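As a plain string of letters, each chain reads:
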Amino acid sequence: MTFIIISQSLFKYFYHRQTIKLMTTSRRKFIKISALGLGGLATVSTAYKMFGGNSLIDSVIKENIANKFKRTATYCEVCFWKCAGWAYSDDKGNVQKIIGNDDDPHCNGRLCPRGTGGVGMYNDEDRLKTPLIRTTINGEQTFREASWDEALNLVASKFKGIKEKYGPEAFALLKHGCPGWHFEHLFRAYGSDTNAEPAFAQCRGPRETAFALTYGSWVGSPEPTDIRNTKCLVLIGSHIGENMHNSQVQEMSDAIDNGATIITVDPRFSTAASKSQHWLAIKPATDIALLLSWMHVLIEENLYDKEYVEKYALGFDELKAHVKQFTPEWAYGVTTIKPEEIRKTARAMAHAAPAVIVHPGRHVVWYGDDTQRERAIAILNGLLGSWGRRGGFYFKESISVPNFPHPEYPEPKWDWRDIGENFPLAQMGLTNELIRCSIPNKDNKYPIKAWMVAGTNLIKSIPDTKQLQEALEALEFLVVIDTMPMDITGYADVILPECTYLERTDIVRSATNREPSIAVRFAAVPPKYESKPGAWIAKEIGMRLGLEDYYNYNDFDEVVDWQLKEMGTSREEMEKIGVKKYPRTTGSMYLNEDETHVFHTPSGKIEFYSHELAEKGFDALPVYTPHPEPPQGFYRLNYGRSPMHTFSRTSNNPNLTELKKENDLWVNPKVARILGLKKGQYVWLKNQDDIISTFSIKVRVTERVRWDSVYMVHGFGNDNKKLTRSYGKGIDDTQMISRIFTDPIMGGTGMRGNYVTILTEDPHKNEVI
Ligand SMILES: Nc1nc2c(c(=O)[nH]1)N[C@H]1C(S)=C(S)[C@@H](COP(=O)(O)OP(=O)(O)OC[C@H]3O[C@@H](n4cnc5c(=O)[nH]c(N)nc54)[C@H](O)[C@@H]3O)O[C@H]1N2
Ligand SMILES: Nc1nc2c(c(=O)[nH]1)N[C@H]1C(S)=C(S)[C@@H](COP(=O)(O)OP(=O)(O)OC[C@H]3O[C@@H](n4cnc5c(=O)[nH]c(N)nc54)[C@H](O)[C@@H]3O)O[C@H]1N2
Ligand code: SF4
Ligand SMILES: [Mo]
């Protein structure tokens, strides 16, 4: 096989300060790809209505730019809401603007600030530009540039080697977002179904398990919350407005305008709390007590939906007996929320019912009893009769996209289900269990030897960095597919640069919603540098592994064309419309009260009392258990989202760093006084396990955070100088989350039980690098 060497230039590397001790004896050293200068601009404030302008301005822009530029249908990859839009590019092949597609139910024609800033992903000059291969020169590990052919041949030879030596199951895929789809197909064809993504055990897992147990249905994404028709929205933590999931924020904004009652339960005065009639400033980790007490009030005061409960629910009597003891007076002692406030809010919900939503939340891995908290939320909705009701939860529907014909996948000897066997109700692969199985141990039945990481920055997404690093050190091979030189790339043997979503034709988006729809993503511009689409990379590896039968096409455009045709449309039509809606086929969005509805649970009913949980040795009804509290001098580390950023993936984005370049540490004025902290001062953090933050963070003194907690947004504190705008900006919350509370039911990693002290002196000042 001939190959062209594009360039042989070497990159300087640095060691990760936190990992220096761990890594000195290891085979795989963390390599920082390069060092350059710093940059960054001022911040702007946050607000509710930050979407791509109002519709009048939008239509003017659309008309003006439509005449000048080429318009390509796409959907956003800046977060996983996947809003459909139009990319406008000029004749030089530059993307000038991205605008929402009016027909898309995910965005209603308006992108959030991050989606508008998606152009920055494409324009970021710090992007990965060529394949890179780890090499050792004069005893030092570094990366060298390689041709695609060389890099792909190397990756393919590792796939073959692992299969021969250990079986294909020992090669695992860690993924998130669209690239995951292409590589999952490759792995399944190769014989491995060993995979996981942080969107389950670090995100939505507990709610999916809890709602499946109660209603026989996942909540899924987008959440089937009928917010635009609701009369009362109850947010348990979920900070919509900072969490910028597009149509959900728009609907909440409309609900506020329509006079809906908003009840926000959050220890922090969130943006949502500022829009609420009732802000319940709960003591952290006590939500289950509040939820049980609300149920107590609804039942004791006869405010629950009797007809609905009688018709659809199972286990009401057990529930009634269970919550009898959980009076508001009892809950006050636990949650610090006054009994009158608990009664008043319970009555407000009942008054609005069934047009009421107790929102299931999304990032719900908090304290380890999260499935039970989510069960309490699910049951509370059941008492209010909101599931399947207008203004509550609608019955979602999607349309399936046919798979391009290929042979059956081979049957692996073991897969992600076996790896998660200690957690009987895990519904997807568990990243943390997969990581554990990658650390050599004679009792490990499922030894994993190699990883492909595609579209997930594990170093920032997975808590308990120590276990992750042990696994990374032990791996025989690691290939990372990313668009940016993010933290995880520093551990790779081979780095493959994927082009951004604007530069590739990708899978057809089909998501659950009020009505089924599909959206397409066509390449708006050719890939910059040497980057390539994930679909192309996967196929190239597949072909080198002799998996031609699974890649019976020339390029992915052919697959999409075939799928569109099968779905009664065409490329020509989709280029014009971007989004196509299909009629519902499963009946009404809401319960038909004249018919009996059968839920997909074992009993066919809404299961307040869960026999399945009881059989597996768990509490059949949710129970409140007290959680540890911060010791003297420590503050609970609370974290959330910046409206301008998505995790770490946007932290170097040129457009978005202009809006917000670093995170800050919210500190209560009382704490600031005690510690003598001033607004704008930079501080470091040390957690309960003596882990010290690599970087410092700017203090924001505010009443909006409790005196026993500090708060920051996730995704900052990048430790790679190659990320020129984000290097060293702010603190990475994950670095401080060394202790996790694992949910015994589904394996989620509770992350909110970590405590920090605030250091005002630079703890690194005497360190020699
Ligand atoms: N802008 C932006 N939006 C995003 C994302 C992003 O990266 N950027 N990511 C998306 C993704 S994948 C997800 S999963 C969602 C996550 O967004 P959400 O599901 O909204 O996340 P939460 O963790 O529920 O919300 C954080 C809030 O929980 C509060 N909180 C902390 N401890 C407690 C407690 O003990 N009890 C209660 N009641 N509240 C508490 C915090 O103060 C904070 O306000 O956001 C999505 N939207
Ligand atoms: N400490 C802490 N940990 C958390 C959370 C938290 O709030 N705090 N949130 C949790 C939640 S809710 C979630 S959903 C997860 C999210 O976890 P991740 O999905 O790992 O989130 P990101 O940090 O955005 O990492 C995405 C990676 O994909 C890369 N990428 C972006 N676009 C593309 C592309 O088109 N192709 C390829 N190949 N790569 C691409 C980015 O450069 C980045 O390296 O994190 C979880 N972990
Ligand atoms: S919510 Fe914003 S970032 Fe997420 S897909 Fe939509 S426009 Fe993109
Ligand atoms: Mo998430």
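From a predicted model like this one, the values you see are computed outputs, not experimental measurements. (Residues numbered from 1 in each chain as written. Chains lettered and ligands numbered in written order. Predicted model: local features only at pLDDT ≥ 70, side-chain atom pairs only at ≥ 80, totals over all residues. Heavy atoms only, no water.)

Peer 1: Can you tell me about the site of ligand 2, naming the residues and giving the values?
Peer 2: In the vicinity of ligand 2, 29 residues are found, and the nearest of them are His176, Thr456, Ser461, Asp482 and Ser648. Taking histidine 176, its side chain carries an N or O atom lying 2.4 Å from an oxygen atom of ligand 2. Between ligand 2 and aspartate 733 there is a distance of 2.9 Å, counted from a nitrogen atom to a side-chain nitrogen or oxygen. Only helix H7 (198–215), helix H18 (458–461), strand S14 (477–482) and helix H26 (733–736) provide two or more residues apiece to the shell around ligand 2. Ranked by the residues each element gives to the shell around ligand 2, the list is headed by H7, at three residues. (Near = heavy atom within 4 Å. Polar contact = N/O pair within 3.5 Å; in protein donor to acceptor, adjacent residues only side chain to side chain. Helix = DSSP H or I, 4+ residues; strand = E, 2+ residues; numbered from the N terminus.)

Peer 1: Which residues make up the nonpolar core, and what values go with them?
Peer 2: One recurring pattern in soluble globular proteins is that nonpolar side chains are buried together. Counting 69 residues, the largest nonpolar core has Trp294, Met295, Leu319, Met349, Leu380, Leu383 and Phe608 as its most contacted members. Broken down by element, this core gets its largest block of residues, ten residues, from helix H10 (residues 287–300). Counting 57 residues, the second-largest nonpolar core is a separate cluster that includes Leu173, Val479, Tyr553 and Met574. (Core = buried A, V, L, I, M, F, W, Y, C linked by side-chain atoms within 4.5 Å. Buried < 20%, exposed > 50% of the residue type's maximum accessible area, 1.4 Å probe, protein only.)

Peer 1: Give a description of the packing of aromatic side chains that names residues and reports values.
Peer 2: In this description, a pair of aromatic rings is defined by centroid distance and the angle of the planes. Applying the stated criterion across every chain yields a total of 30 aromatic pairs. Here the aromatic rings of phenylalanine 187 and tyrosine 190 are separated by 6.3 Å at their centres, their planes lie at 75°, and the arrangement is edge-to-face. Pair noted here: phenylalanine 187 and tyrosine 190 are both in helix H6 (residues 178–190), with a separation of three residues, about one helical turn. Accessibility classification places phenylalanine 187 together with tyrosine 190 in one group, the buried group. Plain terms: the ring middles of phenylalanine 404 and tryptophan 562 are 5.3 Å apart, the flat faces sit at 75° to each other, and that makes the pair edge-to-face. Placement of phenylalanine 404 in the loop between helix H15 (370–384) and helix H16 (416–419) and of tryptophan 562 in helix H21 (residues 556–566) is noted, with a sequence separation of 158 residues between them. You can call phenylalanine 404 buried: its relative accessible area is 17%. Tryptophan 562 sits in the partly exposed class, given a relative accessible area of 26%. One aromatic cluster in this structure is built from Phe211, Tyr215, Tyr308, Tyr312, Trp387, Phe393 and Phe599. Its end group placed over the ring of tryptophan 666, arginine 268 keeps NZ or CZ at 5.0 Å from the ring centre. Above the face of the tyrosine 711 ring, arginine 268 is positioned so that its terminal group lies 4.0 Å from the ring centre. (Phe/Tyr/Trp six-rings, centres within 6.5 Å; stacked < 30°, edge-to-face > 60°. Lys NZ or Arg CZ within 6 Å of the ring centre and 35° of its normal.)

Peer 1: How would you explain the UniProt feature "domain: 4Fe-4S Mo/W bis-MGD-type" (unreviewed entry) in the protein chain if you had to name every residue and give the values?
Peer 2: The UniProt record marks residues 69–126 with the feature "domain: 4Fe-4S Mo/W bis-MGD-type" (unreviewed entry), using the residue numbering of this structure. Secondary structure across residues 69–126 divides into 16% helix and 31% strand, with the first and last C-alpha atoms of the span separated by 26 Å. (UniProt positions renumbered as here; feature names shortened; annotations may be inferred.)

Peer 1: Outline the environment of histidine 764, supporting the account with residue identities and numerical values.
Peer 2: Relative to the assigned elements, histidine 764 resides in the segment after strand S27 (755–759). With relative accessibility at 11%, the residue histidine 764 sits in the buried group. Sequence separation between histidine 764 and methionine 486 is 278 residues, and the spatial gap between their C-alpha atoms is 23 Å. A distance of 3.2 Å separates the side chain of histidine 764 from the backbone oxygen of threonine 694, its partner in a polar contact.

Peer 1: Could you give me a rundown of the site of ligand 1, with the residues and numbers involved?
Peer 2: What surrounds ligand 1 is a group of 30 residues, the closest being Asp266, Asp287, Tyr367, His645 and Arg752. Between ligand 1 and tyrosine 367, the relevant distance is 2.6 Å, taken from an oxygen atom to a side-chain nitrogen or oxygen of the residue. Backbone polar atom of phenylalanine 647 to an oxygen atom of ligand 1: 3.1 Å apart, as the coordinates give it. Notes on ligand 1: free accessible area 920 Å², of which the protein chains cover 98%. Here the residues of the shell around ligand 1 are counted per class, giving twelve nonpolar, ten polar and eight charged. Shared between two domains, the shell around ligand 1 takes at least three residues from each, and those domains are domain 1 (214–395 + 596–615) and domain 2 (635–759). (Areas by Shrake-Rupley, 256 points an atom, 1.4 Å probe, with all protein chains shown as cover. Nonpolar A, V, L, I, M, F, W, Y, C, P; charged D, E, K, R; others polar. Domains from an automatic or database assignment.)

Peer 1: Account for the pairing of strand S2 (residues 84–89), with residues named and values stated.
Peer 2: Burial within S2 is extensive, with six of its six residues counted as buried. Residues Ala84, Trp86 and Tyr88 line one face of S2 and the alternating positions Gly85, Ala87 and Ser89 line the opposite face, and both faces are buried. Here six bridges tie strand S1 (residues 70–75) to S2, and the two strands are oriented antiparallel to one another. Bridge pairing in S2 links alanine 73 to tryptophan 86. Note that S2 and strand S3 (residues 95–100) share five bridges and pair antiparallel. Across the sheet, the residue bridging to serine 89 is valine 95, located in S3. (Pairing = 2+ DSSP bridges.)

Peer 1: Lay out the sheet that holds S2 with the relevant residues and their values.
Peer 2: Taken in spatial order, the three strands of this open sheet run S1-S2-S3, and their pairing is antiparallel. On the outer flanks of this sheet lie S1 and S3, each paired with one strand and no other. Geometrically, the sheet is characterised by an average inter-axis angle of 25° between neighbouring strands, direction not taken into account. (Axes fitted to C-alpha atoms, helices over the stretch in contact; angles between N-to-C directions.)

Peer 1: Can you break down the sheet that holds strand S18 (residues 579–581) residue by residue, with the values?
Peer 2: To summarise the sheet geometry, strands pair through backbone hydrogen bonds and adopt either a parallel or an antiparallel arrangement. On the basis of which strands lie adjacent, the open sheet formed by three strands has the order S16-S17-S18 and antiparallel pairing. If you trace the sheet from one side to the other, it starts and ends with strand S16 (509–511) and S18, each paired once. Averaged over all adjacent pairs, the angle separating strand axes in this sheet is 20°, with direction ignored. Bridge analysis of S16 against strand S17 (residues 517–519) gives three bridges, and the strand direction is antiparallel. Considered in S17, the bridge of serine 510 is made with isoleucine 518.

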